[in-house]
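Single-letter residue listing:
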Amino acid sequence: MTEPAGRPPNPPAWCGDTEDPWRPWSRAASFAELAELAARFLEGELEAFPGWGAPDVDEESDPFVRTLARCCRAGFLTVASQPAGAMRPGADGRCERRRAFVSGFASSSAATRLGTLRSRGLRVAIAPARVLGSDPGPPVGLRDREPFLFAGHGAGPIELELFAGRCGDEAVAALTETSWVVVHDPDWDRDDRLWSALHGAS
C-alpha cells in the first residue's frame, strides 16, 4: 500500500480564511482539493460539509477521525461511516445492532487499493459514482431484527447532487469521474477489523 501525500504544511488558497464556511468548497477546483477539505472538516478545522447539517462529525466517529482523514488524503473522500460497537438501545427504545461501514468517492488508485480489502474478510462494492443503483446494499443497522439502515450501494449520484449544490463545476466534474465505494464488515457488532484495514489501505 502506498503512503498518503499527507497534510499540506500550510492551508492552500482555496481553503480560505473566511467567515463563510462554504467558501472553501465553492473555490475548490479538483477532486484532491475536495478530499483535503473533507479531511480538514473531519479534523475540526472547517465547519461545513456538503449534505451534513452539523459543524462537526458525530461523537461516535471521534475515535476514527484520524483514519478517515488519512483515507481522504489518500484518495478516498469518505461521506458516511459508522462504528459497530455492542448491541444497545436505540432512540425509540428498541435494541439496535450495527455493522461497521464506510462509503465515499474514490480515485481509481484508491478504489483498487480498497478492493484488496476483500482479502481481509470485508465486503467492498465499487461502482461509477455517476450511476444510480437500485440496490441499497445490505443492512448495516437493525432495530429488533428490522433493517433501518443500509450500506448505500449506488448512492453516488445522490451524494453528487449534494456536492453540486455547494461546489464549483470543475470540482463536481472531477468528482463525477470517481468511483462510489462502500466497505462494510459482514459481521455484526464487530469493530476491530474495518478501521485497521482502512488505515493500512490508505
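In this report, the structure presented in the accompanying data block is examined. The structure presented is a predicted model; accordingly, all values stated were derived computationally and were not measured.

### Here's the deal with the sheet that holds strand β2 (residues 88-89)
Turning to step 1, where the next piece is worked out: Pairing is antiparallel across the open sheet formed by 4 strands, whose spatial order is β2-β3-β6-β7. Each edge of the open sheet carries a strand with a single partner, namely β2 and β7 (146-150).
Turning to step 2, where the next piece is worked out: With 3 bridges joining them, strand β3 (residues 95-98) and strand β6 (residues 139-143) adopt antiparallel strand pairing. When the sheet's bridge partners are listed, Glu96 is paired in β6 with Arg143.

### Comments concerning the environment of Ala155
Turning to step 1, where the next piece is worked out: Position of Ala155 relative to the elements: it lies in the loop between β7 and α5 (156-164).
Turning to step 2, where the next piece is worked out: Exposure remark for Ala155: the relative accessible area of 16% places this residue in the buried category.
Turning to step 3, where the next piece is worked out: For the pair Ala155 and Ala127, spaced 28 residues apart in sequence, the C-alpha separation works out to 9.5 Å.

### Some points on the sheet that holds strand β8 (residues 179-184)
Turning to step 1, where the next piece is worked out: One open sheet holds the 4 strands; their spatial order is β1-β4-β8-β5, and the pairing between them is antiparallel. Among the strands making up the open sheet, the edge pair consists of β1 (76-82) and β5 (123-128). Here the average twist between neighbouring strands, direction ignored, is 15°.
Turning to step 2, where the next piece is worked out: The pairing of β5 with β8 spans 6 bridges and is antiparallel. Residue Arg123 lies in a different strand from β8, and its bridge partner there is His184.
Turning to step 3, where the next piece is worked out: Contacting β1, β4 (101-106) and β8, α5 crosses the sheet at an angle of about 65° to β4.

Calculation rules
- Residues numbered from 1 in each chain as written.
- Predicted model: local features only at pLDDT ≥ 70, side-chain atom pairs only at ≥ 80, totals over all residues.
- Heavy atoms only, no water.
- Pairing = 2+ DSSP bridges.
- Helix = DSSP H or I, 4+ residues; strand = E, 2+ residues; numbered from the N terminus.
- Buried < 20%, exposed > 50% of the residue type's maximum accessible area, 1.4 Å probe, protein only.
- Axes fitted to C-alpha atoms, helices over the stretch in contact; angles between N-to-C directions.
- Contact = heavy atoms within 4.5 Å.

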